[in-house]
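Here is how the chains run, residue by residue.
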Amino acid sequence: MIIMNKRVLTFFKIAGLILLGLLIGDALIYAGIIDEYTAQILTLAGINVIIALSLNLISGFTGQLALGHAGFMAIGAYATAYLVMHIHVPQHLWPVLVGISIIIGGIITAFFGMVIGFPTLRLKGDYLAIVTLAFAEIIRVLMINMEGITGGAAGLKGIPLYTEDINLGPVVSFTWIAVFMILIIFLIRNLIKSSPGRAIVAIREDEIAADSMGVNVFYYKMFSFTLSAFIAGIGGGLYSLFFGYLNPTMFNFMKSADFLVIVVLGGMGSIAGTVATGFILTYLQEFLRVLQDYRLVIYPLILIFIMLFKPTGLAGILEDIKTFISKKISAKAIRKTGEG
Amino acid sequence: MSILQVQNISISFGGLKAVTSFNLSLTQGELVGLIGPNGAGKTTVFNMLTGVYRPTDGDVYFESNSGETKNLIGLRPYQITKIGMSRTFQNIRLFKDLTVLDNVRVAFHFNVKYNSWDGIFRTLRYYREEDEITVKALELLKIFHIDHKSNELAKNLPYGEQRKLEIVRALATNPKLLLLDEPAAGMNPQETKDLMGLIEFVRSKFHLTILLIEHDMHLVMGICERVVVLDYGLTIAEGTPAEISSNPKVIKAYLGEEVEVHA
Amino acid sequence: MGFVQEFLQQLVNGFSLGFIYALIALGYTMVYGIAKLINFAHGDILMVGAYGGFFVLIALLVTPGSFILSFVIAMLICALLGMFIERTCYKPLRSAPRINALITAIGVSFFLENVARVIKPIGPNPKEFPVFPQKFNLLELDFLGVHINQTQIIIFLVSVFLMFTLNYIVNNTKMGKAMRAVSFDRGAAYLMGINVNRVISFTFAIGSALAAAAGILFASAYPQVEPLMGFMPGIKAFVAAVLGGIGSIPGAMVGGLILGIAETLSKGFISSKLADAIVFGILIIILVVKPSGIFGQNVSEKV
Ligand SMILES: Nc1ncnc2c1ncn2[C@@H]1O[C@H](COP(=O)(O)OP(=O)(O)OP(=O)(O)O)[C@@H](O)[C@H]1O
Ligand SMILES: [Mg+2]
């Protein structure tokens, strides 16, 4: 029972800290200490982190490469936009509508995930990569052609924002996205540290061994992929109300590759790595001219070099530094005791 | 009382008949050796029993944990593991980047009753069962003297301990029948002897039936109650260690290998 | 034009597109068979080949001689490029988890596309691919109201020639024998003294050279080149390879033809916008119904 209490206590500590952080963030933005532009970048980074986390779930934790998360993002974005544009509710119910639409957008995306996962994940081999790649391309083409719903190539204008209040805009967007991001971080982290999560990681490590240890490999691949699509759809939904405008070219292959770069650079299978890299890259992308101009050449090089020289990414580098330092410290300690 | 009845299973790869009409019957509690020269088809038999390969012919009847007898043909490996048959791999297949403890806890997975929601929301059930399987996993690791390494990554264990972890992981699925594929490969004579003691120990402690592939003749002859000999996919002999070691066919099959057959 | 004629015309167009897909699919399938890797960059090597041909033809003007030369040069460049990519990017990852090699491959693909977009002589915009001037327009066929143009005839001749050459190499040379051995069992091939590295290099060279040829043919049919031109044909050729049975050379040829025909028929009779979606649908159907494809065998991983 004492252990239980300790657990409850840590829970409240963590929840309190997060809430505090969120409020401070809101206050800083509201007071203008974080200017509107920076606030927007932070918010956009939050969305990127959410989708990159979803990609990390299927590729980093489950070991199945998916190359079409921009397609999932698009489905979530258009579905959510459609809902908030076509359902009319009284002012005070607007946030409820937003929340529900985003979740429904995620569910619709999850359904697509299931449909393409079912034939693909049954098989050994790397079919998922190419199927998701093709899928995202098809979705993009369909978006261009389904003008009734998507506005076609000209794009979908006039999606309502989280709030029309200009002064509150940055704070409200930031809060919506931060809350979703925090929830999703915990969702994935807790899942991975549970028995189903271990089953998922075991599949990445060795499919045949996992199968032989009683893990229903197909079931958990489907579970992970569907959940990944769901989260990417949520990210898309959040994006549509943040931007207020959607266009099929926003969801091309380059976009999928952006998420892959975040995951790979941060370290596959590292949540902290994805979160940190998501913020850093989004920020640099806005402010670093070199990165703006040569992003498309630099990013693929990042993919190649990380895979060749440090497949665990930044998370792995940090880990190395930590062990290096602790070794230094313990070596020192040994020398001291030796002297004494 | 037989818990496993293998009837005429065969498989071929391309033109190669890896195993032809293999038969075997195991009685509850037995320790049976499966031997044969390199490439004889021993591992392939394991793969067919555990559902990794599907035999082109034949049946495998297994008395499951629940007591009913089932034909295993067409079942997936995880289904077969669930009903009480577990194995180790000759070319170690641990979850390399997981800790030793997590390697074992993966194997408890299908016996865990809490679901993903419990895990995500950290319910009471989650904590209770996690604590439970952690304790059980550590107990199993302790039997094989690797509990003190529970937080190390599996890939960082020395070779011999990796083999032991393979056995612990297989035991964690709570099997009735355990298939061990060269568990002592790469160990020195003393380590091998210790390992055999441990295998004997878990056999009686968990009431296991064991089918053992091993190259070390002394060991097989010393520990097994019965031995089956494969050569080029065919069963060439079956009997007690004494019978096997004097069987001319067996001696001939092993001749090129300069293995001493006398136990 | 009657329905039958229209149908036959689409069939002819489908065959010529199908031959191009088949050439690309051959590279995919050979590399997959031997290195067990989906080489995502394969489509982009096609693009490099097309630009190689483009520059030769721009410099020398299009004559039958320069046309042949453009093939030789582009295939040579791409063969070297393919071997270089394999040596530097894929070889170090042979024993790493498969997903690492896949990510590297996608990185290489993405890199080739974007380098092409930023370097001056290529640039992001499509360019018209030089075609034969009127006086060299000698080959044309008309029968039963079906028109077969010179480009289609060239596609046919070049593809058939390359396929026969490939068949000869694989079945009648020592290297071909080694390729088959490595594809069957790399470990055993190595033990038998086959230089596996050389075989893999050679396979990349051949596959990339075929992609280069396909690139020139593809560019002359449209007639256009652009940095992303390899993306879609790459995916479709992969579908063709899966349809035929990945790892199978006759499978890639048949799969490519089927896919080309399916595409032109859906463009002609169903919807040109949905043609790509239909091709993708074909992939899903094969994966459900017969993942090993038409000529593929069920191979089980050695455990
Ligand atoms: N998936 C597979 N594909 C092709 N051939 C296979 C496959 N699995 C096994 N074989 C072949 O079947 C034969 C028997 O192999 P197996 O691994 O069962 O031998 P073994 O008796 O376990 O030998 P060892 O003592 O060397 O472990 C070998 O020739 C092997 O190459
Ligand atoms: Mg074996």
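Note that the coordinates shown come from a computational prediction; the quantities given were computed from them, not determined experimentally. (Residues numbered from 1 in each chain as written. Chains lettered and ligands numbered in written order. Predicted model: local features only at pLDDT ≥ 70, side-chain atom pairs only at ≥ 80, totals over all residues. Heavy atoms only, no water.)

### Re the interface of chain A and chain C
Quick note on the threshold: We call two residues in contact whenever any of their non-hydrogen atoms come within 4.5 Å of each other. When two components associate, each loses some accessible surface as probed by a 1.4 Å sphere; the sum of these losses over both components is called the buried area. Think of a salt bridge as a Lys or Arg side-chain nitrogen and an Asp or Glu carboxyl oxygen that are within 4 Å of each other. Polar contacts, as counted here, are pairs of nitrogen or oxygen atoms within 3.5 Å of one another; within protein the pair requires one atom able to donate a hydrogen and one able to accept it, and residues that are adjacent in sequence qualify only if both atoms are side-chain atoms. Starting at the N terminus, helices and strands are each numbered in turn, a helix being any DSSP run of H or I of at least four residues and a strand any DSSP run of E of at least two. Amino acid classes used here: Ala, Val, Leu, Ile, Met, Phe, Trp, Tyr, Cys and Pro are nonpolar; Asp, Glu, Lys and Arg are charged; the rest, including Gly, are polar.
In this complex, chain A contributes 41 residues to the contact, which on the side of chain C involves 40 residues. Together chain A and chain C conceal approximately 3,700 Å² of surface at their shared face, both sides included; 83% is due to carbon and sulfur atoms. Of all residues in chain A, Asp126(A), Tyr127(A) and Ile130(A) give up the largest surface area on contact with chain C, accounting jointly for 17% of the area buried on that side. There are 1 salt bridge connecting chain A and chain C. Residue Arg98(C) is joined to Asp126(A) by a salt bridge in which the shortest nitrogen-to-oxygen separation is 2.7 Å. Taken together, the connections running from chain A to chain C amount to 4 residue pairs in polar contact (both at pLDDT 80 or more). In terms of residue count, the dominant contributor to the side of chain A that touches chain C is helix H5 (residues 127-145) of chain A (12 residues). Per-class residue counts for the side of chain A that touches chain C are 31 nonpolar, 6 polar and 4 charged.

### Description of the sheet that holds strand S1 (residues 2-13) of chain B
All names here are of chain B. Filter applied, for reference: Two strands are said to pair when DSSP picks up at least two bridges between them. All axes here are fitted lines through C-alpha atoms, helices being fitted over the stretch that makes contact, and every angle between N-to-C directions spans 0 to 180 degrees.
What the 4 strands build is an open sheet, ordered S2-S1-S4-S5; its pairing is antiparallel. Edge positions in the sheet fall to strand S2 (16-27) and strand S5 (69-71), since each has one partner strand and no second. Strand-to-strand twist across the sheet, computed as the mean angle between neighbouring axes with direction ignored, equals 15 degrees. Relative to S2, S1 is paired through 8 bridges, and the arrangement is antiparallel.

### Topic: the interface of chain B and chain A
Taken together, the 37 residues of chain B in the interface contact 28 residues of chain A. Together, the buried faces of chain B and chain A total about 2,800 Å²; carbon and sulfur atoms form 59% of this surface. With its nearest N and O atoms 2.8 Å apart, the salt bridge here joins Arg198(A) to Glu130(B). Here the side of chain B that touches chain A gets 6 residues from one element, more than from any other, and that element is helix H5 (residues 124-143) of chain B. For the side of chain B that touches chain A, the residue count by class is 18 nonpolar, 7 polar and 12 charged.

### Considerations on the coordination of the magnesium ion (ligand 2)
Defined as follows: Only nitrogen, oxygen and sulfur atoms qualify as donors, provided they sit within 2.8 Å of the metal or within 3.2 Å for Na, K and Ca; with water excluded from the atoms, sites may seem incomplete.
Only Thr43(B) (OG1) and Gln90(B) (OE1) from the protein coordinate the magnesium ion (ligand 2), and they sit 1.9 to 2.1 Å from it. With Thr43(B) in helix H1 (residues 42-49) and Gln90(B) in the loop between strand S6 (85-87) and helix H3 (100-107), this pair connects stretches of sequence that are 47 residues apart.

### A short note on the state of the cysteines
Residues and elements named next belong to chain C. Keep this limit in mind: Only a pair of cysteine sulfur atoms within 2.5 Å counts as a disulfide in this structure description. Only protein chains enter the accessibility calculation, which uses a 1.4 Å probe; a residue whose area is less than 20% of its type maximum is buried, one above 50% is exposed, and one in between is partly exposed.
A full pass over the atoms with the stated rule returns 0 disulfides over all chains. Cys-89 takes part in no disulfide bond, and the closest cysteine sulfur to it belongs to Cys-78, at a distance of 15 Å. For Cys-89, a relative accessible area of 11% gives the class buried.

### Some thoughts on helix H9 (residues 231-244) of chain C
Residue and element names in this part refer to chain C. Convention followed: Expected span, for any helix, means 1.5 Å times one less than how many residues it has.
With 14 residues, H9 extends 20 Å between its outermost C-alpha atoms, agreeing within 8% with the 20 Å of an ideal straight helix rising 1.5 Å per residue. Within H9, 14 of the 14 residues are buried, which leaves the element mostly enclosed by the surrounding structure. Positive backbone phi, approximately 110 degrees, marks Gly-245, located one or two places after H9.

### Considering the layout of surface pockets
Put simply, the test is: With a 1 Å grid spanning the protein atoms alone, the term cavity applies to any set of points in which a 1.4 Å probe fits but cannot get out, the term pocket to an open set with protein on both sides within 12 Å along at least five of seven lines, and the term lining residue to any residue with an atom within 4 Å of a point. Grid points are joined across faces, edges and corners, and a volume is the space filled by probe spheres set on the points.
For the second largest pocket, the calculated volume is near 970 Å³. The set of elements that each furnish at least two residues to the lining of the second largest pocket consists of helix H1 (2-30), helix H7 (169-192) and helix H10 (217-243) of chain A together with helix H4 (116-121) of chain B. Examining the composition of the lining of the second largest pocket, we find that 10 residues originate from one element, H1(A), more than from any other.

### Examining the site of ligand 1
Keep this limit in mind: We call a residue near a molecule or strand when any one of its heavy atoms sits within 4 Å of it. The Shrake-Rupley method, run with a 1.4 Å probe sphere, supplies the accessible areas, and residue values consider only the shown protein chains as cover.
In the vicinity of ligand 1, 17 residues are found, and the nearest of them are Asn38(B), Lys42(B), Thr43(B), Thr44(B) and Gln90(B). Neighbouring residues of ligand 1 are distributed over chains B and C. Between Gly39(B) and ligand 1, the recorded distance is 2.8 Å, taken from a backbone N or O atom to an oxygen atom. Contact between ligand 1 and Tyr53(B): a nitrogen atom at 3.0 Å from a side-chain N or O atom of the residue. Taking 630 Å² as the accessible area of ligand 1 by itself, protein coverage stands at 79%. Of all elements in the fold, only S2 and H1 of chain B reach the threshold of two or more residues within the shell around ligand 1. Here the residues of the shell around ligand 1 are counted per class, giving 5 nonpolar, 8 polar and 4 charged.

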